Amino acid sequence: MSNNSILIICPSFNGYQNEIKHGVEQKGYESDLITYNEEIAFGINKLKYLLILLVRCIFCIFCMDYKKSESYAKIENYIYLRGKENLNNYLQSEIDKLIKNGKIYKSVLVVKGFGLNYSTIKKINLASQNNSILYQWDPLLRYPDVLKTYDHYQKVFTFQSTDVFKYPESIYFPTFYRKDKSLEKCTLEYDLCFVGVFAIGRYFRLNKIKKKCKALNLRVYFKLYSRNTFLRLFVPSDYLIDKKLGAVELREIYSRSKCVVDLCHSGQDGITQRVFQALSLSRYVFSDTPDIEKLKKLHPSLKTLVFDFNTIENLGNATLENTCFLEAKNSIESYEVSNWLSTVLDIK
């Protein structure tokens, strides 16, 4: 029986679940990781995927931004949650195996928590001696159903400041990044880069940025991930990739660009890993995320390092020798994964 162990339950996303596990172990704790592919766990087959696309198209036809629509979110949640029994059976089985092997955890960190039922959370609390922590790295607008489970965790953190109003007991704390000093001196190949999941709003905004950059002779590397082959009939092929990139690959791409673009989904205010990862590599940030203004107020050194559509023409003259990078790195140190875990898990 060990009280020096931490259990992490997290969907697989760009390899960030492994970054959390590695961060826990770097702090001298043992760790176990239960991870899962959400589409497989919820049984999202081709038929369900086509149904989701059809619903999106219907919302778009009526000139609605489905990402901002609570009605759309409830429909998509319903489609996903039809398969939540598979996910919960898998999680409960994995937790039971660990408990049978004598594992009692100092704490259990659940990331996102979408689809977890009360029976699963009860087992999590049993395994953690009632010290379960939820970190929400998605906006509640997109996953409203998960709010019903918040009271069953001992602590809830959210990456989005506005979601604190929906659950006042939650704690606003931006997401994490990982240092990689070996990439800071990489040769620049682009002026701006972006890699992310395809969304129609993102595509149109990137197109607008790309046209302005062309006029300013700025080089861009913009890639959108989608496994929807139908999109290739309408979206230029040089935009699309059919394979998600891992955290290490993303850091390598960011290191080869002077500026990293962070375009949030509609309805999302929270800052993503891109912002902190870029600053940690001494790279500028282009962001339209609402919470970026709050971050600039907390850390004034970021003001000269963050661009938007109206100031992007200044990027051409910007230099990576900007002395503000050192101050910015020091100011965001609390979000480096090791320090981030200290806050979220209350560990040294």
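Structure report, in brief.

Calculation criteria
- Residues numbered from 1 in each chain as written.
- Predicted model: local features only at pLDDT ≥ 70, side-chain atom pairs only at ≥ 80, totals over all residues.
- Heavy atoms only, no water.
- Core = buried A, V, L, I, M, F, W, Y, C linked by side-chain atoms within 4.5 Å.
- Buried < 20%, exposed > 50% of the residue type's maximum accessible area, 1.4 Å probe, protein only.
- Helix = DSSP H or I, 4+ residues; strand = E, 2+ residues; numbered from the N terminus.
- Contact = heavy atoms within 4.5 Å.
- Pairing = 2+ DSSP bridges.
- 1 Å grid on protein atoms, 1.4 Å probe; cavity = no way out; pocket = protein on both sides within 12 Å on 5 of 7 lines; lining within 4 Å.
- Points joined across faces, edges and corners; volume = space filled by probe spheres on them.
- Nonpolar A, V, L, I, M, F, W, Y, C, P; charged D, E, K, R; others polar.
- Axes fitted to C-alpha atoms, helices over the stretch in contact; angles between N-to-C directions.
- Parallel < 35°, antiparallel > 145°, perpendicular 65-115°, else oblique.
- Salt bridge = Lys/Arg side-chain N within 4 Å of Asp/Glu carboxyl O.
- Phe/Tyr/Trp six-rings, centres within 6.5 Å; stacked < 30°, edge-to-face > 60°.
- Lys NZ or Arg CZ within 6 Å of the ring centre and 35° of its normal.
- Polar contact = N/O pair within 3.5 Å; in protein donor to acceptor, adjacent residues only side chain to side chain.

Here's the deal with the nonpolar core
Proteins that are soluble and globular tend to have nonpolar side chains buried together. Of all hydrophobic cores here, the largest spans 74 residues; its most connected members are L109, L192, F286, V344 and L345. Examining the composition of this core, we find that five residues originate from one element, helix α12 (residues 337-345), more than from any other. Contacts of L109, omitting those with residues within four sequence positions, involve L7, I8, I9, I20, I133, Y135, W340, L341, V344 and L345.

A word on the environment of L250
For L250, the location among the structural elements is in helix α8 (residues 247-255). Along the backbone, L250 and F194 are 56 residues apart, and their C-alpha atoms lie at a distance of 9.4 Å. With residues near it in sequence (within four places) discarded, L250 still touches N14, Y16, V195 and L245.

Thoughts on the pairing of strand β1 (residues 5-11)
The element β1 is extensively covered by neighbouring structure, given that seven of its seven residues are classed as buried. Residues S5, L7, I9 and P11 of β1 are buried on one face, and the alternating residues I6, I8 and C10, pointing to the opposite face, are buried as well. The pairing of β1 with strand β2 (residues 30-36) spans seven bridges and is classified as parallel. Counted as the bridge partner of S5 is E30 from β2.

Focus: empty space enclosed by the protein
Within the structure shown, the criterion is met by two cavities of 30 Å³ or more. If you trace the second largest cavity, you find it lined by Y16, A247, L250, R251, Y254, Q273 and Q277. Contributing elements (two or more residues each) for the lining of the second largest cavity: α8 and α9 (273-280). When residues of the lining of the second largest cavity are assigned to their parent elements, the largest contribution, four residues, is made by α8. For the lining of the second largest cavity, a count of residues per class yields four nonpolar, two polar and one charged.

Remarks on the packing of helix α3 (residues 46-61) against helix α4 (residues 70-81)
Contact geometry of α3 with α4 gives a least axis separation of 11 Å together with a crossing angle of 175°. On the basis of the axis angle, α3 is roughly antiparallel to α4. Each of K48, L51, I52, V55, R56 and F59 in α3 lies in contact with α4, whose residues at this interface are S71, Y72, I75, E76, I79 and Y80. When grouped by side-chain class, the residues that make up the contact of α3 with α4 number eight nonpolar, one polar and three charged.

Some words on the pattern of salt bridges
Close approach of charged atoms lets side chains of opposite charge pair. If you walk through the whole model with that rule in mind, you get 20 salt bridges. Here K21 makes a salt bridge to E25, at a shortest N to O gap of 2.5 Å. Here E25 and K21 lie together in helix α1 (residues 16-26), a separation of four residues that amounts to about one turn. With a relative accessible area of 23%, K21 lands in the partly exposed category. Among the residues examined, E25 registers a relative accessible area of 36% and is labelled partly exposed. A salt bridge links E94 to K97, with the nearest nitrogen and oxygen atoms 3.2 Å apart. With E94 and K97 both in helix α5 (residues 84-100) and three residues apart, this pair spans about one turn of that helix. In this structure, a network of salt bridges that share partners links the residues E38, K112, D138 and R142.

Description of unusual backbone geometry
For Q129, which is not a glycine, the phi torsion comes out positive at approximately 55°. When you line up the elements, Q129 lands in the loop between α6 (118-127) and β4 (132-136). If you check the backbone angles, D346 has positive phi at about 55° while not being a glycine. Topologically, D346 is positioned in the segment after α12.

A few points about the sheet that holds strand β6 (residues 171-172)
Reading across from one edge, β2-β1-β3-β4-β5-β6 is the order of the six strands in this open sheet, with parallel pairing throughout. At either end of the open sheet lies a strand with only one pairing partner, and these are β2 and β6. Packing of α1 onto the sheet brings it into contact with β1, β2 and β3 (107-111), and relative to β2 it is tilted by some 170°. Contacting β1 and β2, α5 runs over the sheet at an angle of about 160° to β2.

Here's the deal with the packing of aromatic side chains
Overall, the coordinates contain 20 aromatic pairs when judged by the stated rule. Taking the centre distance of 6.0 Å and the plane angle of 45° together, the rings of F13 and Y16 count as tilted. By way of ring pairs, the aromatic residues F13, Y16, Y135, W137, F176 and W340 are connected into one cluster. Residue placement shows K210 over the ring face of Y239; its charged tip is 4.7 Å from the ring centre. Sitting above the plane of the Y221 ring, K223 keeps its charged end 5.5 Å from the centroid.

Regarding the environment of Q154
By secondary structure assignment, the location of Q154 is in the loop between β4 and β5 (155-158). Judged by its relative accessible area of 38%, Q154 is partly exposed. Along the backbone, Q154 and N130 are 24 residues apart, and their C-alpha atoms lie at a distance of 7.1 Å. For Q154, the residues in contact, after removing those within four places along its chain, are N125, N130, N131 and S132. Of note is the side chain of Q154, whose polar atom sits 3.5 Å from the backbone nitrogen of N131. A polar contact of 2.7 Å, which involves the side chain of Q154, links it to the side chain of S132.

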